[in-house]
Amino acid sequence: MTRVFIDNREIEPAIAGMPLDQVLKNIEAAHIGEDSVIREVLINGEALTPETLTSRTIRNSMERMPGNGRIDVFTGDRDEIANGAIAEALACLDRIERVSPCIAESFIESPTRGALEDLHQLCEGFYWTTVLLDKLEAGYQIRPARPEAREKAHRLLENIHAARSRGDFLHLARLLEHGLAPLLPFFRESLNAVSGKANAVH
């Protein structure tokens, strides 16, 4: 039997063999109020991340859990967590704005392994910022603005990946300078709009 706790309060055990993502959906539906969200999940004391929650290994982990397995779910106020996530995303956009010109210049002059690693982190941060914005707007029932800007962001990430795969560093530099930079103000404005909606609730 896998015991389940929400904020250190034990609830009914998880159904044997049920994938973890379904267990969490059931917990959200039955035990978590509309103003709360899951902020952390521990499986036998090990913290999960959004990335591992989507992996096949974690989805199937319930089937491999021993009889004394334990799931701990910790919740938080939706608006507080949203504001924290928005603050991190805005800081990420600031970092992208600072480092992208340096990365582009490196690609023009002399590409290095460090610049490629910086590019990977930049793209990862930008991607998760777009995902966060979509989730927050859906959660707060905000009509997404400028869908063409979101499409440009997704296409930009695809083009960066393609250019990196073929070693076209000059094109990578152009994408960072002329493709990425113009999108940053839109995502800042959109995140700040969600923050205003979250704060207006209180």
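See above for the structure.
Figured I'd write up the structure that's included with this text. Just so you know, these numbers come straight off a predicted model, no measurement behind them.

As for the pairing of strand E5 (residues 70–77)
Here's step 1: Burial analysis of E5 places six of its eight residues in the buried class, which makes it a mostly covered element.
Here's step 2: Both strand E1 (residues 2–6) and E5 contribute to a ladder of four bridges, which runs parallel. Following the sheet pairing, Phe5 is matched in E5 by Asp72.
Here's step 3: Where strand E3 (residues 36–43) and E5 come together, seven bridges link them in antiparallel fashion. Residue pairing in the sheet places Leu42 in a bridge with Asp72 of E5.

Remarks on the sheet that holds E1
Here's step 1: Reading across the sheet, the five strands line up as E2-E1-E5-E3-E4 and stay open at both edges, with mixed pairing between neighbours. Edge positions in the open sheet fall to strand E2 (9–14) and strand E4 (46–47), since each of these has one partner strand only.
Here's step 2: Examined bridge by bridge, E1 and E2 share four bridges and lie antiparallel to one another. Across the sheet, the residue bridging to Ile6 is Arg9, located in E2.
Here's step 3: Sheet strands in contact with helix H5 (residues 78–109) are E3 and E5, and its direction is about 85° off that of E5.

Reading guide: rules and limits
Residues numbered from 1 in each chain as written. Predicted model: local features only at pLDDT ≥ 70, side-chain atom pairs only at ≥ 80, totals over all residues. Heavy atoms only, no water. Buried < 20%, exposed > 50% of the residue type's maximum accessible area, 1.4 Å probe, protein only. Helix = DSSP H or I, 4+ residues; strand = E, 2+ residues; numbered from the N terminus. Pairing = 2+ DSSP bridges. Contact = heavy atoms within 4.5 Å. Axes fitted to C-alpha atoms, helices over the stretch in contact; angles between N-to-C directions.

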